[in-house]
Amino acid sequence: MARPRKPLLSRDRIVEAAGALVNAEGLEAVSTRRLAAELGVSGPSLYNHFRNKEEILDAVADAVSAQVDLSMFQEGDARDWPAALRDWALSYRAALAAHPHIVPVLAQGPGRRPAGLRVADAVFGAMVRAGWPPAQATYIGALMRYFVTGSALGSFARGFVDDETAYDPADYPHLGQAHLLAERRQQVDEGAFETGLRALLDGLVLQYEQTVTGRKAPRTPSGT
């Protein structure tokens, strides 16, 4: 009887296994030895596909970038540039929220990662087509990345403990409800992100009016 064959090792299998480890246990859990054990192969066989752990983590980060919706930046899409930035930011944040442990790697920038570079190219190209000068389009891409990755690096609400006695009104007269924030983490963090995104886009629209002369600024996603 023929012995069952193990699935062939591939870059995709390695990235999938590494991504599962990162999601479950964090970046520190990933090592070539641990990955080899998870995949049922010898450690050196991983080096046929990746030179080191850093390359593997780069590939995991790029796989997350590939989950971000870029359809709003395609030529012919009906959304104006503020709506496109808003929808993209929401998709970007959702991808990072689903894979929070890989955010520190993504926050370093796209480097040579193909999916990450496609994101940067799409944002920059759409802003230039909308009339932004190239320098400003670059700043907008950077600003959006700072905002989205920054929001995904930690939780404001989770930074407070659920112990009411930790917030003595004699010391912190305005934090009487702070102990409730942790249990409302999703509501608080999503509300903060939406508020910040709306303010950011409204501010960009004002800059657009000043920078792109002779053109009427599009209506903002918030309707103001």
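Here, the structure is the one placed above.
Residues numbered from 1 in each chain as written. Predicted model: local features only at pLDDT ≥ 70, side-chain atom pairs only at ≥ 80, totals over all residues. Heavy atoms only, no water.

S.K.: Just to check I follow, could you spell out the packing of helix H6 (residues 114–129) against helix H7 (residues 134–152) for this structure?
M.R.: How two helices sit against one another is set out by the angle between their axes and by the gap between those axes. Remark: H6 packs on H7, axes separated minimally by 9 Å, with the N-to-C direction vectors making an angle of 135 degrees. Classified by the angle between their axes, H6 and H7 sit oblique to one another. In the packing of H6 onto H7, the handedness of the crossing is right-handed. Residues Val123, Phe124, Met127 and Val128 of H6 touch H7, and the partners they reach there are Pro134, Ala137, Thr138, Ile140 and Gly141. Tallied by class, residues from the contact of H6 with H7 come to 7 nonpolar, 2 polar and no charged. (Axes fitted to C-alpha atoms, helices over the stretch in contact; angles between N-to-C directions. Helix = DSSP H or I, 4+ residues; strand = E, 2+ residues; numbered from the N terminus. Parallel < 35°, antiparallel > 145°, perpendicular 65-115°, else oblique. Left-handed = near helix turned anticlockwise from the far one by under 90°. Contact = heavy atoms within 4.5 Å. Nonpolar A, V, L, I, M, F, W, Y, C, P; charged D, E, K, R; others polar.)

S.K.: Explain the packing of H7 against helix H8 (residues 185–211) to me, please; I cannot follow it from the model alone.
M.R.: The interhelical angle for the contact between H7 and H8, taken along N-to-C directions, is 170 degrees, at an axis separation of 11 Å. By the criterion of interaxial angle, the relationship of H7 to H8 is roughly antiparallel. For the pair H7 and H8, contact is made by Gln136, Ile140, Leu143, Met144, Phe147, Val148 and Ser151 and by Phe193, Gly196, Leu197, Leu200, Leu204, Gln207 and Thr211, respectively. A breakdown of the residues in the contact of H7 with H8 according to their chemical character gives 9 nonpolar, 5 polar and no charged.

S.K.: When you look at the pattern of salt bridges in this model, what are you seeing that I'm missing?
M.R.: A pair can form between side chains of opposite charge whenever their charged atoms are brought close. Throughout the structure, instances matching the rule amount to 8 salt bridges. For the salt bridge of Arg34 with Glu25, the shortest nitrogen-to-oxygen distance reads 2.8 Å. The class of Glu25 is partly exposed, set by a relative accessible area of 44%. With a closest N to O distance of 3.1 Å, Arg86 and Glu194 form a salt bridge. Of this pair, Arg86 sits in helix H4 (residues 81–98) while Glu194 sits in helix H8, placing them 108 residues apart in sequence. The exposure class of Arg86 is partly exposed, given its relative accessible area of 26%. Judged by relative accessible area, which is 26%, Glu194 ranks as partly exposed. Residues participating in the shared-partner salt-bridge network are Asp77, Arg79, Arg86, Asp87 and Glu194. (Salt bridge = Lys/Arg side-chain N within 4 Å of Asp/Glu carboxyl O. Buried < 20%, exposed > 50% of the residue type's maximum accessible area, 1.4 Å probe, protein only.)

S.K.: Teacher, can you tell me more about the packing of aromatic side chains here?
M.R.: Inspection of every chain in the model, using the stated rule, returns 8 aromatic pairs. Seen in terms of ring centroids, Trp81 and Trp132 are 5.4 Å apart; in terms of plane orientation they differ by 80 degrees. Their pairing is edge-to-face. Of this pair, Trp81 sits in helix H4 while Trp132 sits in the loop between H6 and H7, placing them 51 residues apart in sequence. Residue classification places Trp81 among the buried residues on the basis of a relative accessible area of 6%. With a relative accessible area of 2%, Trp132 lands in the buried category. Taking the ring centre of Phe193 as reference, the NZ or CZ of Arg93 above it sits at 4.8 Å. (Phe/Tyr/Trp six-rings, centres within 6.5 Å; stacked < 30°, edge-to-face > 60°. Lys NZ or Arg CZ within 6 Å of the ring centre and 35° of its normal.)

S.K.: Any chance you could explain the nonpolar core here in plain terms?
M.R.: In a soluble, globular protein the nonpolar side chains are often hidden away together inside. One finds Leu35, Phe73, Trp81, Leu85, Trp88, Ile102 and Met127 to be the most contacted residues of the largest nonpolar core, which totals 55 residues. For this core, the secondary-structure elements that each account for two or more residues are helix H1 (11–25), helix H2 (32–39), helix H3 (53–65), H4, helix H5 (103–106), H6, H7 and H8. Sort the elements by how many residues they give to this core and H4 lands first, with 8 residues. Leave out the neighbours within four places in its chain, and Leu85 touches Phe73, Val123, Met127, Ile140, Met144, Leu201 and Leu204. (Core = buried A, V, L, I, M, F, W, Y, C linked by side-chain atoms within 4.5 Å.)

S.K.: Just to check I follow, could you spell out a negative patch on the surface for this structure?
M.R.: Taken together, the side chains of Asp162, Asp163, Glu164 and Glu183 define an acidic patch exposed on the protein surface. Within the secondary structure, Glu183 is located in the loop between H7 and H8. When its relative accessible area of 61% is taken as the criterion, Glu183 is described as exposed. (Patch = residues over 30% accessible without salt bridge, like charges linked within 9 Å, V, L, I, M, F, W, Y side chains within 5 Å. Areas by Shrake-Rupley, 256 points an atom, 1.4 Å probe, with all protein chains shown as cover. Lys, Arg positive; Asp, Glu negative; His and termini not counted. Charge placed at Lys NZ, Arg CZ, Asp CG, Glu CD.)

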